[in-house]
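So you can see what is in the structure, the chains are spelled out below.
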Amino acid sequence: MQSLSPSFSKLTRHKTRHDFFRSGLNKPGNTSNQLGSIVTAVNVNNLPGLNTLGISLARIDFARRGLNPPHTHPRGTEVLVVLKGRLYVGFVLSNPGPNMKNKLFTKILNLGDVFVFPEGLIHFQLNVGKTDAIAFAGLSSQNAGVITIANAVFGSDPPINDNVLTKAFQVDKKVIDDLQEQFWWDNN
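Residues numbered from 1 in each chain as written. Predicted model: local features only at pLDDT ≥ 70, side-chain atom pairs only at ≥ 80, totals over all residues. Heavy atoms only, no water.

Quick look at the pattern of salt bridges now. Any two side chains of opposite charge can pair, given that their charged atoms come close. Here the structure, examined in full by the defined rule, presents four salt bridges. Across the pair Asp162 and Lys173 runs a salt bridge, and its minimum N-O distance is 2.9 Å. One end of the pair, Asp162, is in helix H3 (residues 162-169); the other, Lys173, is in helix H4 (residues 173-181), and 11 residues separate them in sequence. You can call Lys173 partly exposed: its relative accessible area is 43%. Among the salt bridges present, the one from Lys174 reaches Asp178, with a minimum N-O distance of 3.1 Å. One end of the pair, Lys174, and the other, Asp178, are both in helix H4, four residues apart, so they sit about a helical turn from each other. A relative accessible area of 52% places Lys174 in the exposed class. If you follow the salt bridges from partner to partner, you end up with Asp162, Lys173 and Asp177 in one network. (Salt bridge = Lys/Arg side-chain N within 4 Å of Asp/Glu carboxyl O. Helix = DSSP H or I, 4+ residues; strand = E, 2+ residues; numbered from the N terminus. Buried < 20%, exposed > 50% of the residue type's maximum accessible area, 1.4 Å probe, protein only.)

What follows is the structure, given as structure tokens:
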């Protein structure tokens, strides 16, 4: 007799069929915020059936000129597909080595185009089309995490010491103070 796969035994820990179901990704998210975008994530936190499966997904809605700001997923690679509109997307290689620059990889994506953002690298998406845009992202983790760079650096509580930020960004203290005083919108 053939034994059941290890994945099946993990799945049987769930209590009901609702652990494997989530509705609502057909509905647009509210993009009337200062970024003009909203991310609707589906991960192990709101779909328990993803536990141990190593996958998750998200719907990203963009108003005209909407931005999903520079961010990173520390625990997962992201693959993005455009379902509506036109997006300018990109990621930056970081810490490439001696005498090398952090290289930016960008592309304009249209309906049906796919782009991959490697795990842990800072990336972004900007709606450059004349209409709203929609994209879906698949992630290689049940909970890839998200760190929005500006929010983390300038919106921390308590704030990061001005001496650290003025030296790191090589700008005047007034610039840092102005950035730290802003409200940093979280579109996730």
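Here we come to the side chain of Arg59. Of note, Arg59 is situated in strand S2 (residues 56-62). Of note is the side chain of Arg59, whose polar atom sits 2.5 Å from the backbone oxygen of Leu25. Here Arg59 is in contact with Leu25, Asn26, Lys27, Pro28, Ile38, Val39, Thr40, Ile134, Ala135 and Phe136, once residues within four sequence places are set aside. (Polar contact = N/O pair within 3.5 Å; in protein donor to acceptor, adjacent residues only side chain to side chain. Contact = heavy atoms within 4.5 Å.)

A contiguous patch of positive charge, built from Arg64, Arg65, Arg86 and Lys130, is present on the exposed surface. For Arg64, a relative accessible area of 54% gives the class exposed. (Patch = residues over 30% accessible without salt bridge, like charges linked within 9 Å, V, L, I, M, F, W, Y side chains within 5 Å. Areas by Shrake-Rupley, 256 points an atom, 1.4 Å probe, with all protein chains shown as cover. Lys, Arg positive; Asp, Glu negative; His and termini not counted. Charge placed at Lys NZ, Arg CZ, Asp CG, Glu CD.)

A separate point is the UniProt feature "binding site: oxalate" (unreviewed entry) in the chain. When the UniProt feature table is mapped onto this chain numbering, "binding site: oxalate" (unreviewed entry) sits at Asn68, His73 and Glu78. Considering the arrangement of structural elements, one finds His73 in the loop between strand S3 (67-72) and strand S4 (78-84). Every residue in contact with His73, bar those within four places of it in the chain, is listed here: Glu78, Glu119, Gly120, His123, Leu139, Ala144, Gly145 and Val146. Polar side-chain contacts of His73 include one of 3.4 Å to the side chain of His71. Of note, Glu78 is situated in strand S4. The buried category is assigned to Glu78, whose relative accessible area is 3%. Residues contacting Glu78, with those up to four places away along its chain left out, are His71, His73, Phe115, Val116, Phe117, His123, Gln125, Ala137, Gly138 and Leu139. (UniProt positions renumbered as here; feature names shortened; annotations may be inferred.)

All right, on to the UniProt feature "domain: Cupin type-1" (unreviewed entry) in the chain then. Following the UniProt record, the feature "domain: Cupin type-1" (unreviewed entry) maps to residues 23-177 here. Taken end to end, residues 23-177 has its terminal C-alpha atoms 42 Å apart, with 12% of it in helix and 37% in strand.

Here the focus is the sheet that holds strand S7 (residues 114-117). Here we have five strands laid out as an open sheet, ordered S1-S2-S9-S4-S7, and antiparallel in their pairing. This sheet does not close on itself; its edge strands, each paired only once, are strand S1 (37-42) and S7. Adjacent strand axes in the sheet meet at a mean angle of 20°, parallel and antiparallel pairs treated alike. (Pairing = 2+ DSSP bridges. Axes fitted to C-alpha atoms, helices over the stretch in contact; angles between N-to-C directions.)

Mapped onto the elements of the fold, Gln180 is located in helix H4. Beyond its immediate sequence surroundings of up to four residues, Gln180 is in contact with Phe154, Pro159, Ile160, Asp162 and Leu165.

Per the counting criterion, the structure on display carries seven aromatic pairs. Judged by centre distance (5.0 Å) and plane angle (15°), the rings of Phe91 and Phe105 are stacked. Residue Phe91 is located in strand S5 (residues 87-92), and its partner Phe105 is located in strand S6 (residues 104-109); the two are separated by 14 residues in the primary sequence. Taking the relative accessible area as the measure of exposure, Phe105 reaches 30% and is therefore partly exposed. Where Phe154 meets Phe169, the ring centres are 5.4 Å apart and the plane angle is 40°; that geometry is what we call tilted. Taken together, the residues span a long stretch of sequence, with Phe154 in helix H2 (residues 149-154) and Phe169 in helix H3 at a distance of 15 residues. (Phe/Tyr/Trp six-rings, centres within 6.5 Å; stacked < 30°, edge-to-face > 60°.)

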